[in-house]
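# Analysis of the macromolecular model
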Amino acid sequence: MDVKIEPSWKVALFPEFSAPYFQQIVLHLRTEKALGQTVYPAGPHIFSAFAHTPFHQVKVVLLGQDPYHGPGQAMGLSFSVPQGVAIPPSLQNIYKELRHDVGMAIPKHGNLTPWAQQGVLLLNAALTVKANLANSHAQIGWHQFTNAVISTLSQQQTGLVFLLWGSFAQAKQVLIDQSKHFVLKAPHPSPLSAHKGFLGCGHFSKTNQLLMQVGKNPIDWQL
């Protein structure tokens, strides 16, 4: 089928779009829409992470689990919310660590698009969610698709930095060839676990050190 996704990703992921599981994802979403159910993010934003970060421009992969499930929050980029939307607690902790690690001033918004435009793939494991129901689309096939994204990046690129925060993200480590890439692990920035080692992890400065080590430009984390 013709999926509206950035061209370089369409080429890299071509086998996935014709696979039966992907057809089931599309059918599931169409069925929920026909039943009048609200799904986030809106259709044009489902593949936003790919639109902002073309395949050959990826330098860092920041893996989230699930889009935000409240009105106006999800924008297709993990951990990110649009301008004018309250900054979620996990993102507040990410900002705290950025201030501690690299001295970044705390932003007044939660829009992480500038990171995506510099090569940070802000990838959620599930690309959609039913309104007000966390992880409601975890079993409809998205995980197979995003596992393929991670595996394809691992196979075809070199010197990427994978930021795996929390046990869910860390389970994806098996998809990454660590002889070619870097993996940084920490607890999730959620208020429930940030104090267990996310705060103080130094991942933002470490990411830039690793990128420069392989001859890539560092990320300007300031928003």
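Shown above is the structure to which this text applies.
Heads up: these notes are all about the structure in this document. Because the structure is predicted, anything quoted here is derived from the model rather than measured.

## Considerations on the pairing of strand 3 (residues 120-124)
Judged by how many residues are buried, strand 3 sits mostly within the fold: five of five residues are covered. Side chains Val120, Leu122 and Asn124 of strand 3 all project onto a buried face; the interleaved residues Leu121 and Leu123 project onto the opposite face, where all are buried too. Note: strand 2 (residues 60-64) against strand 3, five bridges, orientation parallel. Paired with Val60 across the strands is Val120, a residue of strand 3.

## Some details on the sheet that holds strand 6 (residues 182-186)
Spatial strand order, 3-2-5-6: four strands in an open sheet with parallel pairing. Edge positions in the sheet fall to strand 3 and strand 6, since each of these pairs with one other strand and no more. Here the average twist between neighbouring strands, direction ignored, is 20°. Sheet analysis places strand 5 (residues 161-165) next to strand 6, joined by five bridges and oriented parallel. Residue pairing for strand 6: Val161 is matched across the bridge by Phe182.

## Focus on the packing of helix 5 (residues 89-102) against helix 9 (residues 203-213)
At a closest axis distance of 8 Å, the pairing of helix 5 and helix 9 adopts a crossing angle of 60°. Relative to helix 9, the element helix 5 lies oblique. In contact with Ile94, Glu97, Leu98, Asp101 and Val102 of helix 5, helix 9 contributes His203, Phe204 and Ser205.

## A word on helix 9
Taken together, the buried positions of helix 9 are His203, Phe204, Thr207, Asn208, Leu210 and Leu211. In a view along the axis of helix 9, the buried residues occupy a sector of 160°, so they form one face of it. Counted as exposed and oriented over 90 degrees from the buried face of helix 9: Gln209 and Gln213. Residues of helix 9 that are buried make contact with strand 2, helix 5, helix 6 (113-117), strand 5 and strand 6. Directly beyond the C-terminal end of helix 9, a positive phi value near 80° is found at Gly215.

## Re helix 7 (residues 142-156)
Its 15 residues give helix 7 an end-to-end C-alpha distance of 21 Å, which sits within 8% of 21 Å, the value for a rise of 1.5 Å per residue. Most of helix 7 sits out of view: eleven of its 15 residues are buried. Listed as buried for helix 7 are Trp142, His143, Phe145, Thr146, Ala148, Val149, Ile150, Ser151, Thr152, Leu153 and Ser154.

Analysis parameters
Residues numbered from 1 in each chain as written. Predicted model: local features only at pLDDT ≥ 70, side-chain atom pairs only at ≥ 80, totals over all residues. Heavy atoms only, no water. Buried < 20%, exposed > 50% of the residue type's maximum accessible area, 1.4 Å probe, protein only. Helix = DSSP H or I, 4+ residues; strand = E, 2+ residues; numbered from the N terminus. Pairing = 2+ DSSP bridges. Axes fitted to C-alpha atoms, helices over the stretch in contact; angles between N-to-C directions. Parallel < 35°, antiparallel > 145°, perpendicular 65-115°, else oblique. Contact = heavy atoms within 4.5 Å. Arc of directions from axis to C-beta. Expected span 1.5 Å × (residues − 1).

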